[in-house]
Amino acid sequence: MKIPVTAVLLALLTPFFAFGQGPLNPPGPPSPLMKTLDQLEPRTPIDAAHTPGDAASTFRITAAGSYYLTGNFTGEAGKHGIFVDARNVTIDLNGFTMAGRGGQSAITTPSSPPTGEHITVRNGTVFNWGSAIIVREKSRLEGVSAVRNAFDGINAGEGSVIVECIASNNGGNGLAVGASSAVLNSTARENGGHGIGASDASGEGNALISNCTFTGNTEGGVFVGRNSTVQNCSVSSNGSTGIGAYERCTIVDCVASNNGGHGIDANNDETVQRCTATLNRIGGITVQNRSQVMNCVADNNGQGSGGSGISAATRGFIKQCSAIGNRLNGIVVAGESIVAENRASANGQGAPAAGIRTTGGGSRIEANQTRDNIGYGIQADPGDIVLRNSAGNNTVLNFSPPSGTNIGPIQSPSTATNPFANIQF
């Protein structure tokens with residue numbers, strides 16, 4: 001017996017039709033289908049209606065929040081551009097330019113707490129003001145260019161961060177930050193003061209300066225306070241010292257060249273590694289007591305009759321470095337130092353000197369090569385230990401003193417039998 005197809009379909013669909021369909025009235029009014037303007041742009045525009053100014057500033061921000069420029073802005077004579085009298089404020093310049101008329105600051109904060117901290121400024125250009133931007137502690141600057149301002153470019157308080165900023169042709173320092181700050185991937189060039197200073201008034205630093213360029217500044221390139229790190233930076237053609245550091249700093253993978261002072265001038269307990277200092281007018285790398293310089297190049301430094309490649313005070317540690325063609329000594333250290341596995345050649349270009357020069361006694365001079373220096377190869381204190389070095393073609397003496405109870409015998413390569421012999425060739 002055949003069952004009609006229609007009957008089968010009705011049997012299958014009957015359970016669905018048997019259930020109720022629920023209430024037909026809606027539970028409430030329909031939700032809006034479009035976002036409000038505040039939802040689309042929750043930030044506050046910086047303008048006369050939303051951030052009215054006063055006698056001292058064109059605009060004034062007095063509440064925490066996020067603010068933005070709506071277009072290019074030209075300042076009023078005798079007034080700050082934006083005065084931020086609040087904490088936790090973000091200002092987006094939106095890629096626009098703030099053009100000043102000299103005198104006052106484009107963006108500034110009160111000179112004392114409690115307001116003015118935790119300020120973020122990003123994405124724009126500030127030029128022709130007094131100082132471009134002055135913010136207090138724990139602030140952040142991102143993607144800002146400060147150009148041709150009368151005084152400093154960007155000045156931020158302790159614990160601040162500057163990322164991908166440019167400070168150029170300002171009358172004062174390009175960048176300045178307080179202690180415990182970081183400056184990353186930024187440039188300071190052709191400013192009337194230092195490229196950057198990172199410390200507080202007492203000399204504390206705890207700063208990180210990384211992947212930055214400092215060039216053509218009238219004074220020094222970089223100065224950092226105690227316990228700071230400078231890494232992967234290029235510092236060239238500044239009027240004074242390229243990189244200056246207070247105590248207990250680390251300087252690694254940097255290039256300092258053509259500066260008017262030392263390439264690197266650091267204080268006590270410093271670590272300088274894998275750096276290059278060339279063609280600096282006063283000297284290459286100078287460190288004070290208990291410091292170490294390793295795997296560095298310090299060539300062709302000095303002017304006239306002065307300027308050594310690497311200089312260290314007492315208890316220095318100089319290892320695996322190159323010091324070639326400097327106007328005075330290649331490497332010079334004071335007492336109780338270690339000088340090992342270095343090459344010091346063709347030094348004394350301005351006045352007779354030495355490839356390696358030690359004073360004060362108690363140092364260990366080992367496994368170095370000194371050649372073609374105008375003066376001495378190794379000029380040691382009689383109280384030093386001098387072992388396993390090689391020297392040749394130095395114009396005065398290869399080794400001075402030539403013998404002593406702490407000095408390995410001086411032998412030729414073909415006849416050397418003593419494992420502590422110094423080789424003369």
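Further up the page is the structure itself.
A word on the overall build of the protein. Along the protein, the regular secondary structure elements total 2 helices and 47 strands. Taking 22 Å as the expected radius of gyration for a compact globule of 425 residues, we find that the protein reaches 33 Å, considerably beyond that expectation. Structurally, the protein occupies a C-alpha span of about 115 × 90 × 30 Å along its principal axes. Taken over 425 residues, the protein has a buried fraction of 48%. Sequence separation of at least 24 residues holds for 34% of the intrachain contacts in the protein that already meet a minimum separation of 6. Surface accessibility of the protein: about 18,800 Å² in total, with carbon and sulfur atoms responsible for 53%. Charge separation in the protein, taken as the distance between the mean sites of 26 positive and 29 negative side-chain charges, equals 5 Å.

Next up on the list: the nonpolar core. Formed by 78 residues in total, the largest nonpolar core has its most connected members in Ile91, Met98, Ile107, Ile209 and Ile285. With near-sequence residues (within four places) excluded, Met98 lies in contact with Leu69, Phe73, Gly81, Ile82, Leu93, Ala106, Ile107, Thr125, Val126, Phe127 and Trp129.

With that settled, the discussion passes to the environment of Cys275. For Cys275, the location among the structural elements is in the loop between β28 (271-273) and β29 (276-278). Assessed through its relative accessible area of 1%, Cys275 is described here as buried. Taking the C-alpha atoms as reference, Cys275 lies 9.6 Å from Cys233; in sequence the two are 42 residues apart. Contacts of Cys275, omitting those with residues within four sequence positions, involve Ile251, Val252, Asp253, Cys254, Ile264, Asn295, Cys296 and Val297.

Our next topic: the pairing of strand β30 (residues 283-287). Buried residues dominate β30, accounting for 5 of its 5 residues. Sheet analysis places strand β27 (residues 262-266) next to β30, joined by 3 bridges and oriented parallel. Within β30, the position partnered with Ile264 by the bridge is Ile285. Bridge analysis of β30 against strand β33 (residues 310-312) gives 3 bridges, and the strand direction is parallel. The partner of Ile285 across the bridge, within β33, is Ile310.

So, about the pattern of salt bridges. Side chains carrying opposite charge are able to pair once their charged atoms draw close together. One pass over the structure, following the stated rule, counts 18 salt bridges. The shortest N-O distance in the salt bridge between Glu247 and Arg226 comes to 3.3 Å. Taken together, the residues Glu247 in the loop between β24 (243-245) and β25 (250-252) and Arg226 in the loop between β21 (222-224) and β22 (229-231) connect sequence positions 21 residues apart. As far as the burial class goes, Glu247 and Arg226 line up, both buried. Arg388 is paired through a salt bridge with Glu366; the nearest N and O atoms lie 2.9 Å apart. Here Arg388, found in the loop between β43 (385-387) and β44 (390-392), pairs with Glu366, found in strand β40 (residues 364-366); they are 22 residues apart in sequence, far enough to count as distant. Classification of Glu366 as buried rests on a relative accessible area of 17%. Counted as one network, the salt bridges with shared partners bring together Glu204, Arg226, Glu247 and Arg248.

Before going further, it helps to examine the packing of aromatic side chains. A full pass over the atoms with the stated rule returns 2 aromatic pairs. Note on Phe59 and Phe73: the rings are 5.3 Å apart at their centroids and 45 degrees apart in plane angle, and the pair reads as tilted. One end of the pair, Phe59, is in strand β2 (residues 57-61); the other, Phe73, is in strand β4 (residues 73-74), and 14 residues separate them in sequence. For Phe59, a relative accessible area of 11% gives the class buried. The class of Phe73 is buried, set by a relative accessible area of 10%. Ring centres of Phe73 and Trp129 lie 6.3 Å apart, and the angle between their planes is 20 degrees; this geometry places the pair in the stacked category. You can see Phe73 sitting in strand β4 and its partner Trp129 sitting in the loop between β9 (119-127) and β10 (133-135), a full 56 residues away along the chain. Exposure class is identical for Phe73 and Trp129. Each is buried.

Rules behind the numbers
Residues numbered from 1 in each chain as written. Predicted model: local features only at pLDDT ≥ 70, side-chain atom pairs only at ≥ 80, totals over all residues. Heavy atoms only, no water. Helix = DSSP H or I, 4+ residues; strand = E, 2+ residues; numbered from the N terminus. Rg over C-alpha atoms; globule rule 2.2 N^0.38 Å. Buried < 20%, exposed > 50% of the residue type's maximum accessible area, 1.4 Å probe, protein only. Contact = heavy atoms within 4.5 Å. Areas by Shrake-Rupley, 256 points an atom, 1.4 Å probe, with all protein chains shown as cover. Lys, Arg positive; Asp, Glu negative; His and termini not counted. Charge placed at Lys NZ, Arg CZ, Asp CG, Glu CD. Core = buried A, V, L, I, M, F, W, Y, C linked by side-chain atoms within 4.5 Å. Pairing = 2+ DSSP bridges. Salt bridge = Lys/Arg side-chain N within 4 Å of Asp/Glu carboxyl O. Phe/Tyr/Trp six-rings, centres within 6.5 Å; stacked < 30°, edge-to-face > 60°.

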